[in-house]
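Understanding the architecture of this molecule
The chain contents come next:
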Amino acid sequence: MQALPLLPYFAQQAQVKLPANIWHYLQSDAGNGTQLQANDAGWQALKLIPRPLQALQTPNTQCTLFAEQWAHPIMLAPVAYQKLFHADGEIGTAVACNAQQGQMMVSSLASQPVGDIVKQAQQALWFQLYWQGDRARTAVLLQKALAVGVSAIVFTVDAPVKQALIDLPAGISAVNLAQPLAMQALQPGQSQVFDGWMTQAPTWDDVAWLRQQVKTPLLIKGLMHVDDAKQVVALGYEGIVVSNHGGRVLDSTPSAAAVLPDIVAAVGGQCKILVDSGIRSGQDVFKALAMGADAVCIGRPYVWGLATEGAMGVAKVIRTLRDELEMTMALTGVSNLAEIRQVELYA
């Protein structure tokens, strides 16, 4: 019998079911491994004041972004190679997302064809775009996603140097990608980072170029600095995902919760703001919305559900977070997402 709350239970079961190397890949942090805990703590440090006796007027959690309406503001962040965690893979995740009336970002590194994922989801999903080393190769992947009807592009820019790596088992690969761009051989004295990986990383010029290629809503994911947020707005992007990549890229960054208010203030409503990294409960969702986010993204929690019970586990995770969000709204006396923005949080 399940004794733990659902998310800790699914985390425990996922660790039991997954091979040790796959569990480590899912849970790994950059550096000394403290960022994951720091991300969680950033949300936990914020406190709520209960407001009993408030009359709720037509309470709901409906969220509208870019003319899409969902039943709640809990999006599924892009997670690579989901067949590593369960045979249902990204298709199972997408079906669960649709059943829970939400939205999903399909990873560039998905282990199933993006067209199949969208078809089985029976809805237009969002696509998370990684830079493919140059503009021509990036355009090919972009057009592949747009051709199957994705409704938004999320350009992830914060992981040109990756520390969370895994040797993929047979039968699992990034099936939507062409062969990787060949890296030039390093000369004696050259750096793997500076003369290798970073030669294929995007720059601000590429961010501007991509804006010209995309007519659907375009968001940039992985920003933590106010000046970067302002520059993205100036380039005409419709959204920003405030994120430190779940702590998987650079250790010792501030939590997403710590930088979110300043970015919201700097943007001033000129684009939509989403946030991820460390969201573990409906209360965390509430706090992010209270600080000005338009929606949140979850990553590891739904993968725990996928690993434990396949598509059904993903659906249970989404429903649990939505239930917790609704309970938090009821106990703080707010009826909808707009009212959450008026709630004061306490440190």
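Heads up: the structure comes first, above all this text.
Residues numbered from 1 in each chain as written. Predicted model: local features only at pLDDT ≥ 70, side-chain atom pairs only at ≥ 80, totals over all residues. Heavy atoms only, no water.

We now examine the overall build of the protein. When its secondary structure is counted, the protein shows 12 helices and 10 strands. For 347 residues, the compact-globule formula gives about 20 Å, and the C-alpha radius of gyration of the protein, at 20 Å, lands near that figure. By its C-alpha atoms, the protein is 70 × 50 × 40 Å across when sized along the principal axes. Across the 347 residues of the protein, 54% fall into the buried class. For the protein, contacts bridging at least 24 residues in sequence account for 72% of all contacts bridging at least 6. Of the roughly 15300 Å² that the protein leaves accessible, carbon and sulfur atoms contribute 54%. If the 22 positive side-chain charges of the protein are averaged to one point and the 26 negative ones to another, these points end up 4 Å apart. (Helix = DSSP H or I, 4+ residues; strand = E, 2+ residues; numbered from the N terminus. Rg over C-alpha atoms; globule rule 2.2 N^0.38 Å. Buried < 20%, exposed > 50% of the residue type's maximum accessible area, 1.4 Å probe, protein only. Contact = heavy atoms within 4.5 Å. Areas by Shrake-Rupley, 256 points an atom, 1.4 Å probe, with all protein chains shown as cover. Lys, Arg positive; Asp, Glu negative; His and termini not counted. Charge placed at Lys NZ, Arg CZ, Asp CG, Glu CD.)

A few words now on the environment of Lys17. Assignment of secondary structure puts Lys17 in helix H1 (residues 6–17). Between the C-alpha atom of Lys17 and that of Ala159, which follows or precedes it by 142 residues, the distance is 28 Å. If we ignore the near neighbours within four places in the chain, the residues touching Lys17 are Ala307 and Thr308.

Another aspect to go through is the sheet that holds strand E4 (residues 105–106). If you walk across this open sheet you meet the 8 strands as E3-E10-E9-E8-E7-E6-E5-E4, and the pairing is parallel. Every interior strand has two partners, whereas the edge strands, strand E3 (74–76) and E4, have only one. As defined by bridge partners, strand E8 (residues 239–242) adjoins strand E9 (residues 272–275) across 4 bridges and the pair is classed as parallel. Across the sheet, the residue bridging to Ile240 is Ile273, located in E9. Helix-sheet contacts for helix H7 (residues 204–213) involve strand E5 (126–130), strand E6 (152–156) and strand E7 (218–223), and the interaxial angle to E7 is about 155°. Where helix H8 (residues 226–234) meets the sheet, its contacts fall on E7 and E8, and the angle it forms with E7 comes to roughly 170°. (Pairing = 2+ DSSP bridges. Axes fitted to C-alpha atoms, helices over the stretch in contact; angles between N-to-C directions.)

Any link to function would need more than the numbers given here.
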